[in-house]
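These are the residues of each chain, in order.
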Amino acid sequence: MEVEAVVGRTGSLPCDIEPDSHEDRVYMVLWFRHAGGKPLYSFDVRGRSFNKALHWSDPLAFGKRAYFVTMSRPSSLTVEAVQLDDEGIYRCRVDFKNSPTRNFQIRLNVIVPPHQLLLYDEAGRDVAGVVGPLEESGNFTLLCELRGGRPQPTLSWLINNTPVDDHIILKNDGKVIISKISVSGAERSWLNSTVRCQATNTALLSPHERTARVEMNLRPTSVSIVEKPGQLSADSEVTLVCITHGSRPPAQVTWYRENRKYTRGKHSEYINDTSTVSKLSMLPQPEDDGTTIRCRADNPILRVALEDSFKMSVVYRPVVTMSLGSTLNPNDIKEGDDVYFECNIKSNPKEHRISWYHNDEPVSQNMSSGVFISTKSLVLQRVTRQDVGLYLCRAANQIGETTSQSVYLRVQYAPTCTQPTPVVIGARLDESLRVRCTVSADPADVAFYWQFNNSGESFQVSPARYVATGGTASELRYRAASERDYGALLCRATNTVGTQHKPCVFQIVPAARPSSPRNCTAKRIVSKDVFLSVRCLAGYDGGLHQHFLLEAVGDNSRVLANVTAGKDDLVVWLNTSWSVLETLNEDEVLAVSARNTKGVSDPVMLSELVFKDAAKQTEETDRVIAKFPLAAAFAGSAAVVTAIGAIIALVFKKRHESSTTSKRPCQSVVQVDAQGRRYLIAYPTTHSQEKMETKPDILNPKHNEAEGPRVVLESSDNTSYIIREANPLPHSTCLPHTPHDDMMPQR
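As the structure is a computational prediction, the values presented were derived from the model and not from experiment.

1. Quick word on the overall build of the protein
Step number 1: Scanning the protein from terminus to terminus reveals 4 helices and 59 strands.
Step number 2: Of all 747 residues assigned to the protein, the portion counted as buried reaches 44%.
Step number 3: Summarising the internal contacts of the protein: among those between residues at least 6 apart in sequence, 63% fall at separations of at least 24.
Step number 4: Accessible surface, the protein as shown: approximately 39200 Å² in total, 50% of it carbon and sulfur.

Right under this line is the structure:
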């Protein structure tokens, strides 16, 4: 019989030592090699029991490597650490007590396993336990190389324990065997499968093999944005979730807005072997409305991607921008031009209201004024300087209201006077004046020129006499050297748009003492304290700055209040504590007067307003007038003024009661200055002829050829002023004006 043993391992040489009958027994078992006559191993039972048999092994043969095993069936000679030269034919001789001797012949074949097995790809690279990564539906080739082994081993291939019959032996020279397999159309199911190359030359040993795991790159199989929102709200955070499966390595998830990568918001990912979950937290903006959001899952190696998308619907307050009409040059708009504004609105839901504002005041359509409002446009026809300022529009929808940025409208215009004209300036002879003329203009780079007019002459003032003080202001140095230097100073300015249409008028008149305040009323005011409030209308200031006094007049005059009126003040308020009034003596009375550097006006008595006895009023009034030194000095003039005032009141009353108009009488007062010159003071007339103004001037209410030269001015409030010098003769009403060339050296 033949037996096999693997070199270096244990081998067994079987030998049947069972007797044919129970009465028989074994005496001796001898082992020989080939035809040799000398045993190499003996098992001797003669003269002793079977369990105490003698074992002997030739030290030149097996020595201690061999021992006879009787417990197995059949019994066998076991040889340890089988060597290659142990291979051969052995004979086992069994001697019995009664039965004939038996001989068994055993052939021992020593197996040498292969000593090297290699697994590599077409490029000769060792796969190192991993095949791939392979591409899905791709191809791959593996080679298995075997060296050594006796007898020559056989090679086989298995994929997931399934034999692969289609392999090719590329080389077999008895020492080296090379086998190749080629696989096409790799399937997804092959991921992590096992490829084996096995070499076998004996059943005593497990096949010698090399194993490799299949690694694959897989395309993503799905991508989905879960729970796509139907409607988003601007500036309200929303979280979008995108899930992708099947990709190996895990897919890279990228969010896109339209065709551009979305970089706003917060992006987080959760990844396992073949799945990726991506979360995007974002704040939708108005510009996102109607755009497409895409989630793209990309295998970074295979360059294969899948994507899912949805169109965003974002609700938001209107987005409003405002602009001047595109056809207009904002730096070339002049008075009289037509302009328009455009309000650009983007809104979801659609706006339901559009409103316009000029300097934060609402603008309404007014066709007669040239203001037209269309859906998203504001048209202004024939703009003026009043239209200058900031314009904006507002739009509202169901979400809220939004205001646009402001757009400044610049309207260029020719200069105009900023102060009301005429401005009356009282001046003494040889008094130096600085007359300041201020205009409003755009552009503000203006040029000034001055003109002097009086009843006898008119001429341009030399530019050396005035200077520009700030672009839109000019100051003229002026001195009245004689009576003929009193008259009207006219100031005009010009810029690139045009020349000032109406000049600024400054009426230079001789300075005089002020007129009395008029229409004085008083009332008791209670707040934290109790006050007496006196309200008067300011009279003519005499061409100079005036102030007002509230005095308690008696043996010791006391000033209770001192108030100065500004340039434009028409109403004077004199407030004093009520407790002061309680200290008034029996012989004291309240009086209001106006003062300037030329003197004091006649007092206005307030005796009846502080609960005095009406019967004493006349007596107290006479006494109070005597208390005012300047009032006494001008008592004659005061009487004339009082008389003229009475005449004026009667005339106005008569004219009011009459159904037909009558000629207005002369309303004048002659006043003498410190140099002995006399001036005719008259109240101005209005075009309405229905009420009398309060500011007297050097005027005459009417003119005829016999009255001599005059200057007529018309102010913005329709008041006509007639200015001329009074007649120095006692019985003459008017004085003709004779100009003297040496009276105005600054001309």
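2. Digging into unusual backbone geometry
Step number 1: Cis geometry is found at the peptide bond from R73 to P74, where omega equals -5 degrees.
Step number 2: Residue position: P74 is located in the loop between β6 (66-69) and β7 (75-79).
Step number 3: The omega torsion across R150 and P151 is -5 degrees, close enough to zero to call that bond cis.
Step number 4: Note that P151 resides in the loop between β12 (140-147) and β13 (154-159).
Step number 5: Positive phi, close to 50 degrees, is recorded for N160, a residue that is not glycine.
Step number 6: Examined against the element boundaries, N160 turns out to sit in the loop between β13 and β14 (162-164).
Step number 7: A relative accessible area of 41% places N160 in the partly exposed class.
Step number 8: Phi at N161 takes a positive value of approximately 65 degrees, unusual for a residue other than glycine.
Step number 9: Along the chain, N161 turns up in the loop between β13 and β14.

3. Examining the packing of aromatic side chains
Step number 1: This model, assessed by the stated rule, comprises 9 aromatic pairs.
Step number 2: One aromatic cluster in this structure is built from F43, F50 and F68.
Step number 3: It is R394 that lies over the ring of Y357; its NZ or CZ is 4.2 Å from the centre.

4. Focus on the environment of Y270
Step number 1: Considering the arrangement of structural elements, one finds Y270 in strand β24 (residues 266-271).
Step number 2: Distance in space between the C-alpha atoms of Y270 and I243 is 9.5 Å, their sequence separation being 27 residues.
Step number 3: Contacts of Y270, omitting those with residues within four sequence positions, involve S275, T276, V277 and K279.

5. Comments concerning the sheet that holds strand β1 (residues 2-6)
Step number 1: Within the open sheet, the 6 strands sit side by side as β1-β9-β8-β3-β4-β5. Their pairing is mixed. Strand pairing shows two members of the sheet lacking a second neighbour, β1 and β5 (54-57), which therefore form its edges. Pairwise comparison of adjacent strand axes, ignoring direction, gives a mean angle of 20 degrees for this sheet.
Step number 2: Bridge analysis of strand β4 (residues 41-44) against β5 gives 4 bridges, and the strand direction is antiparallel. Bridge pairing in β5 links S42 to W56.

6. As for the state of the cysteines
By definition, a disulfide links the sulfur atoms of two cysteine residues through a covalent bond.
Step number 1: Within the structure shown, the criterion is met by 7 disulfides.
Step number 2: Covalent S-S linkage joins C15 and C92, the inter-sulfur distance amounting to 1.7 Å. Sign of the S-S torsion, about -70 degrees for the bond between C15 and C92, identifies this disulfide as left-handed. One end of the pair, C15, is in strand β2 (residues 11-15); the other, C92, is in strand β8 (residues 88-96), with 77 residues separating them in the sequence. Judged on exposure class, the residue C15 and its partner C92 are both buried.

7. Some details on the sheet that holds strand β32 (residues 371-373)
Step number 1: Taking strand neighbours across the sheet as the criterion, the 5 strands line up as β20-β28-β29-β33-β32 in an open arrangement whose pairing is mixed. The sheet is open, and its two borders are formed by β20 (232-233) and β32, each paired with just one other strand.
Step number 2: For strand β29 (residues 339-348) and strand β33 (residues 377-380), the ladder comprises 4 bridges, and the chain directions are antiparallel. For Y340, the partnering residue across the bridge sits in β33 and is V379.

8. Some words on the nonpolar core
Most often, soluble globular proteins keep nonpolar side chains buried together rather than apart.
Step number 1: In terms of nonpolar packing, the biggest core is built from 26 residues, with L13, V29, W31, F68, L77 and V94 touching the most fellow members.
Step number 2: Counting residues per element, the ones that place at least two in this core are β1, β2, β3 (26-33), β4, β6, β7, β8 and β9 (102-111).
Step number 3: Broken down by element, this core gets its largest block of residues, 4 residues, from β8.
Step number 4: If you look at the next biggest cluster of nonpolar residues, it comprises 25 residues, including F140, L142, V183 and V214.

9. Concerning the environment of W190
Step number 1: Positionally, W190 belongs in the loop between β16 (176-183) and β17 (194-200).
Step number 2: It is 8.8 Å that separates the C-alpha atoms of W190 and N160, two residues lying 30 residues apart in sequence.
Step number 3: The contacts of W190, once residues within four sequence positions are left out, are F140, V183, V214 and M216.

10. Examining the pattern of salt bridges
Step number 1: Summed over all chains, the structure comprises 29 salt bridges.
Step number 2: Its salt-bridge partner being D442, residue R410 comes within 2.8 Å of it at the nearest N-O pair. With R410 in the loop between β36 (407-409) and β37 (413-417) and D442 in strand β39 (residues 432-442), the pair connects residues that are 32 residues apart, well separated along the chain.
Step number 3: We classify R410 as partly exposed; its relative accessible area is 25%.
Step number 4: We classify D442 as buried; its relative accessible area is 14%.
Step number 5: Residues joined by salt bridges that share partners form a network here, namely R213, E215 and R248.

11. Digging into the pairing of strand β40 (residues 447-453)
Step number 1: Among the 7 residues of β40, 5 are classified as buried, and the element is accordingly described as predominantly covered.
Step number 2: Judged from the 7 bridges that link them, β40 and strand β44 (residues 487-494) form a sheet pairing that is antiparallel. What sits directly across from F452, in β44, is L489.
Step number 3: In this structure, the hairpin formed by β40 and strand β41 (residues 458-460) is closed by a connection of 4 residues.

What counts and what doesn't
Residues numbered from 1 in each chain as written. Predicted model: local features only at pLDDT ≥ 70, side-chain atom pairs only at ≥ 80, totals over all residues. Heavy atoms only, no water. Helix = DSSP H or I, 4+ residues; strand = E, 2+ residues; numbered from the N terminus. Buried < 20%, exposed > 50% of the residue type's maximum accessible area, 1.4 Å probe, protein only. Contact = heavy atoms within 4.5 Å. Areas by Shrake-Rupley, 256 points an atom, 1.4 Å probe, with all protein chains shown as cover. Phe/Tyr/Trp six-rings, centres within 6.5 Å; stacked < 30°, edge-to-face > 60°. Lys NZ or Arg CZ within 6 Å of the ring centre and 35° of its normal. Pairing = 2+ DSSP bridges. Axes fitted to C-alpha atoms, helices over the stretch in contact; angles between N-to-C directions. Disulfide = S-S within 2.5 Å. Core = buried A, V, L, I, M, F, W, Y, C linked by side-chain atoms within 4.5 Å. Salt bridge = Lys/Arg side-chain N within 4 Å of Asp/Glu carboxyl O.

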